[in-house]
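If you want the building blocks of each chain, they are given just below.
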Amino acid sequence: MDKPTETTWKYRGRAWVFGDHINTDLILPSEAMYGKVPEDEVKRYVFRAIRPEFAERVRPGDLVVAGVNFGCGSSRPAARVLKELGIACVLAESFSRIFFRNAINLGYPVLVCPGITRAVRDGDELEVEPLEGRVRDLTTGEELQAEPLPPFVRQLVEAGGLLELLRRGERLRA
Amino acid sequence: MSVGTGMTMAEKVLARASGRERVRPGDLVIARVDRLLMTGWRFAAFAKQAGGRVWDPERVVVVFDHVAPPPTVSAANAFAEARKLIQELGLRHVYEVGRGICHQVFLEEGFARPGELVVGADSHTGTAGALGAAACGINVETPYVLAYGETWFRVPESIKIVLEGELPPGVYSKDVVLYVAGTYGEDVALYKSLEWDGPALRKMSLESRIVLSNMGVELGAKFALQPPDEVVLEYVRARVPEGDQKSLEPVRPDPDAHYERVLEVDVSKLEPLVACPHSVGNVKPAGALEAEGVRVDQAFLGSCTNARLEDLEIAARILKGRQVHPGTRLLVTPASQRVYEEALKRGILGALAEAGAVITHSDCGACPGFHLGLLGDGEVCIASQNRNYRGRMGSPKAQIYLASAATVAASALEGRIADPRKYLA
Ligand code: SF4
């Protein structure tokens, strides 16, 4: 699994802070699924019920910070739509397993970061090195350590995810 | 806590599927899957990503549900494209519009088999765990599995919930799962393999047991397994083709398997429960809500959780000879066409219709908020499904309560959330 060269693996952006058990119906509402809105408008529905301003104001490079069990619920590709909105990385106290898998299989880094919701305020400027799990709150100066991705998962992320392997005609190796 | 060298059900299945003698929690393995479940609406998109490859057409099951019959042109086009590709790929296990919800069809048609490893492009794939299959939902990686028949797993820690005692009248397996979510939290089984067990489990009908595995994902679980007993094996033998029966390898946990946590629940102490907006863990007794007086605009008896024959039967028992409250609409959506036919034969659907229920064809129906009964702003719904997340059934300004089929039926009758026990004495 080769590392794609275009990725820097260091992100800097504003934090959007959410609570516990944020489910995929909130991230990618059913209102916007099954062809109810044109494909290119789907992104505008992200977090609409709880943060109506999100899709308008979010800037590429921003980060989503959340409490426990982020992404619970339906298996819909909520990680993909966050990635498409330019969210560089999602940091949470814990993730639901399908969301976590979906992200990793897209080559999208998501980090388990204990204590993050206490340390980080909405709008703080963060710097994140996802592969090492280093998180710095530039607004407060506080540093946090996310759980490092297991080596296998890290390799998968670096390779661009399972779908990238599939596209290249490659397969997973243990 | 038990400490041992034996293996749990998940460990046994993942060891076999990854060609190892044994695995331990935390191991990362690449495992061959025994079966892949897909839904018609996403099929074409996934199959195209797989570049026309399918590892074994015999092991792929496709069900046209969720948006069946299609309520939008885009869903109709997706279905049409799926049919074309399914033919080109030579898939045979295909269940068309109206056959029912994929998880129910998967069980009924004999694809959920004890000891197998199943992945499905829908989060409630774990439902097959009721028959002893290690089954879990995936999404993004579906094309990879379709092409190669394998994927990666981190071997999960296992936890066990032992059900003791006997369910009192008017209390069902749905109340058990809501009790667990309310008491131990919606992440009690996060990333873990959950095993349901205990004497109260074995006393339950298979239909009731299915509810427990179906809602494993609402407890965060990767798998929600149940050790197969004679009831399960009989169900499976009646459905698996002769030639495949020999290859069945039911798996049970070793007596000295290691569980990270063992919870004991005495079900005889439970009462009818309701999950309040907007989370499955926000649980209160139905009686308390009855006292508060929570008005209900829509009652929904449907979904892969509670819309099987026994659910419809219990609702009919409560509603027979009575009328749904004039301020409430009751929607009944049987989980599958087979359930529908059987309920029709037994006069259950007739009784429900006479009571004023709207009976729809089999599909996910109102559950995911795509069609067949969306909620408007400020509306209140009590539903027998598994999720009450904000916006799940339509408007984000609606309120969704979750309960057993009995509580849904009693609430439809009274036009407010009601404890069903007074109708079941
Ligand atoms: S009935 Fe609801 S929970 Fe079950 S598969 Fe359909 S949408 Fe999902």
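The model shown is predicted, which means the values in this text are computed figures rather than measured ones.

Caption draft 1: Examining the layout of surface pockets more closely. Approximately 460 Å³ is the volume attributed to the second largest pocket. As for the second largest pocket, its lining consists of 21 residues, of which A:Phe100, A:Val112, A:Glu147, B:Arg154 and B:Tyr191 are closest to the centre. For the lining of the second largest pocket, the elements supplying multiple residues, two or more each, are α4 (97-105) and β4 (110-112) of chain A together with β7 (150-154) of chain B. A per-class count over the lining of the second largest pocket returns 12 nonpolar, 1 polar and 8 charged.

Caption draft 2: A look at the side chain of B:Thr328. Residue and element names in this part refer to chain B. Inspection of the secondary structure assignment puts Thr-328 in the loop between α12 (309-319) and β15 (329-332). Residue classification places Thr-328 among the buried residues on the basis of a relative accessible area of 9%. In this structure the side chain of Thr-328 is engaged in a polar contact, spanning 2.7 Å, whose partner is the backbone oxygen of Val-296. Every residue in contact with Thr-328, bar those within four places of it in the chain, is listed here: Val-296, Asp-297, Gln-298, Ala-299, Ala-412 and Gly-415.

Caption draft 3: Structural view of the side chain of A:Asp137. Residues and elements named next belong to chain A. Tracing the backbone shows Asp-137 in strand β6 (residues 134-137). One buried charge, Asp-137, has no salt-bridge partner; the nearest side chain with opposite charge is Arg-121, at 8.3 Å. Separated by 2.9 Å, the side chain of Asp-137 and the backbone nitrogen of Thr-139 make a polar contact. If sequence neighbours within four positions are ignored, Asp-137 has contacts with Ala-119, Val-120, Asp-124, Glu-125, Leu-126 and Glu-142.

Caption draft 4: Inspection of the packing of aromatic side chains at higher detail. On inspection of all chains with the given rule, the structure shows 15 aromatic pairs over all chains. On the basis of an interplanar angle of 75° and a centroid distance of 4.7 Å, the ring pair of A:Trp16 and A:Phe54 is categorised as edge-to-face. One end of the pair, A:Trp16, is in strand β1 (residues 11-17); the other, A:Phe54, is in helix α2 (residues 54-57), with 38 residues separating them in the sequence. You'll find A:Trp16 and A:Phe54 in the same group, each marked buried. Note on A:Phe54: relative accessible area 0%, which makes it buried. Taken together, A:Phe70, A:Phe95, A:Phe99, A:Phe100 and B:Tyr191 form an aromatic cluster joined through their ring pairs. If you follow A:Arg101 out to its NZ or CZ, it ends over the ring of B:Trp152, 4.3 Å from the centre. One cation-aromatic arrangement involves B:Arg42 over B:Phe46; the distance from NZ or CZ to the ring centre is 4.7 Å.

Caption draft 5: Layout of the interface of chain A and chain B. Residue-level contacts link 46 residues of chain A with 46 residues of chain B. Residue B:Arg392 pairs with A:Asp25 through a salt bridge whose shortest N-O separation is 3.4 Å. Where chain A meets chain B, there are 18 residue pairs in polar contact (both at pLDDT 80 or more). Put simply, the parts of the chain that give the side of chain A that touches chain B at least two residues each are α1 (24-27), α4, α6 (151-158) and α7 (162-167) of chain A. Broken down by class, the residue content of the side of chain A that touches chain B amounts to 23 nonpolar, 13 polar and 10 charged.

Caption draft 6: Layout of the sheet that holds strand β6 (residues 134-137) of chain B. All names here are of chain B. The 5 strands lie next to each other as β4-β3-β2-β5-β6, forming an open sheet whose pairing is parallel. The strands lining the two open edges of the sheet, one partner per strand, are β4 (93-95) and β6. The average undirected angle you get between the axes of adjacent strands in this sheet is 15°. Sheet analysis places strand β5 (residues 117-120) next to β6, joined by 4 bridges and oriented parallel. Bridging from a neighbouring strand, Leu-117 pairs with Ala-134 of β6. The sheet contacts of helix α2 (residues 40-49) involve β2 (35-39) and β3 (60-63), and relative to β2 the element is tilted by about 110°.

Caption draft 7: The arrangement of the sheet that holds strand β10 (residues 223-225) of chain B in detail. Residues and elements named next belong to chain B. Spatially, 4 strands are ordered β10-β9-β8-β11 in an open sheet, and the strand pairing comes out parallel. Every interior strand has two partners, whereas the edge strands, β10 and β11 (261-266), have only one. Here the strands of the sheet are splayed against their neighbours by 20° on average, with no regard to which way each runs. Examined bridge by bridge, strand β8 (residues 158-164) and β11 share 6 bridges and lie parallel to one another. Looking at the pairing, Ile-161 lines up with Leu-263 of β11. Sitting on the sheet, helix α6 (residues 173-184) touches β8, β9 (193-197) and β11, and the angle it makes with β11 is about 125°.

Caption draft 8: Inspection of the environment of B:Val67 at higher detail. Residues and elements named next belong to chain B. Among the structural elements, Val-67 can be located in the loop between β3 and α3 (73-89). On the basis of relative accessibility, which here comes to 0%, the residue Val-67 falls in the buried class. Each C-alpha atom of the pair Val-67 and Gly-369 lies 9.7 Å from the other, and the pair is 302 residues apart in sequence.

Caption draft 9: Here's a closer look at the pattern of salt bridges. All names here are of chain B. Applying the stated criterion to the full structure yields 47 salt bridges over all chains. The salt bridge involving Arg-237 is made with Glu-230; its shortest N-O contact spans 3.4 Å. Two residues, Lys-422 and Glu-290, come together in a salt bridge whose shortest N-O distance is 2.8 Å. With Lys-422 in the segment after α15 (405-414) and Glu-290 in helix α11 (residues 286-292), this pair connects stretches of sequence that are 132 residues apart.

Caption draft 10: Geometry of α12(B). Residue and element names in this part refer to chain B. Buried residues dominate α12, accounting for 8 of its 11 residues. Of all the positions in α12, only Leu-309, Asp-311, Leu-312, Ile-314, Ala-315, Ala-316, Ile-318 and Leu-319 are classed as buried. Its buried side turned inward, α12 meets α8 (206-214), β14 (298-301), β15, α13 (337-345), α14 (348-354) and α15. Looking one or two places after α12, you find Gly-321, whose phi comes out positive at around 75°.

Caption draft 11: Region of the structure containing the confidence of the model for chain A. Confidence in the prediction for chain A averages 91 pLDDT; 95% of positions are at 70 or higher. Within chain A, the lowest mean pLDDT, 92, falls on α6(A), and the highest, 98, falls on strand β2 (residues 63-66) of chain A.

Caption draft 12: Structural view of the pairing of β1(A). One ladder, built from 4 bridges, connects β1(A) with strand β5 (residues 125-129) of chain A; its direction is antiparallel. Bridging across to β5(A), A:Gly13 finds its partner in A:Leu126.

Caption draft 13: Spatial organisation of the state of the cysteines. All names here are of chain B. Tallied over the entire structure, the rule returns 0 disulfides over all chains. In this structure Cys-102 is not part of a disulfide, and its nearest cysteine sulfur, from Cys-364, lies 6.2 Å away. Looking at Cys-102, the relative accessible area reads 0%, which means it is buried. Free of any disulfide, Cys-276 has its nearest neighbouring cysteine sulfur in Cys-381, separated by 13 Å. Residue class for Cys-276 comes out buried when judged on its relative accessible area of 4%.

Scoring rules and cut-offs
- Residues numbered from 1 in each chain as written.
- Chains lettered and ligands numbered in written order.
- Predicted model: local features only at pLDDT ≥ 70, side-chain atom pairs only at ≥ 80, totals over all residues.
- Heavy atoms only, no water.
- 1 Å grid on protein atoms, 1.4 Å probe; cavity = no way out; pocket = protein on both sides within 12 Å on 5 of 7 lines; lining within 4 Å.
- Points joined across faces, edges and corners; volume = space filled by probe spheres on them.
- Helix = DSSP H or I, 4+ residues; strand = E, 2+ residues; numbered from the N terminus.
- Nonpolar A, V, L, I, M, F, W, Y, C, P; charged D, E, K, R; others polar.
- Buried < 20%, exposed > 50% of the residue type's maximum accessible area, 1.4 Å probe, protein only.
- Polar contact = N/O pair within 3.5 Å; in protein donor to acceptor, adjacent residues only side chain to side chain.
- Contact = heavy atoms within 4.5 Å.
- Lys, Arg positive; Asp, Glu negative; His and termini not counted.
- Salt bridge = Lys/Arg side-chain N within 4 Å of Asp/Glu carboxyl O.
- Phe/Tyr/Trp six-rings, centres within 6.5 Å; stacked < 30°, edge-to-face > 60°.
- Lys NZ or Arg CZ within 6 Å of the ring centre and 35° of its normal.
- Pairing = 2+ DSSP bridges.
- Axes fitted to C-alpha atoms, helices over the stretch in contact; angles between N-to-C directions.
- pLDDT = per-residue confidence, 0-100.
- Disulfide = S-S within 2.5 Å.

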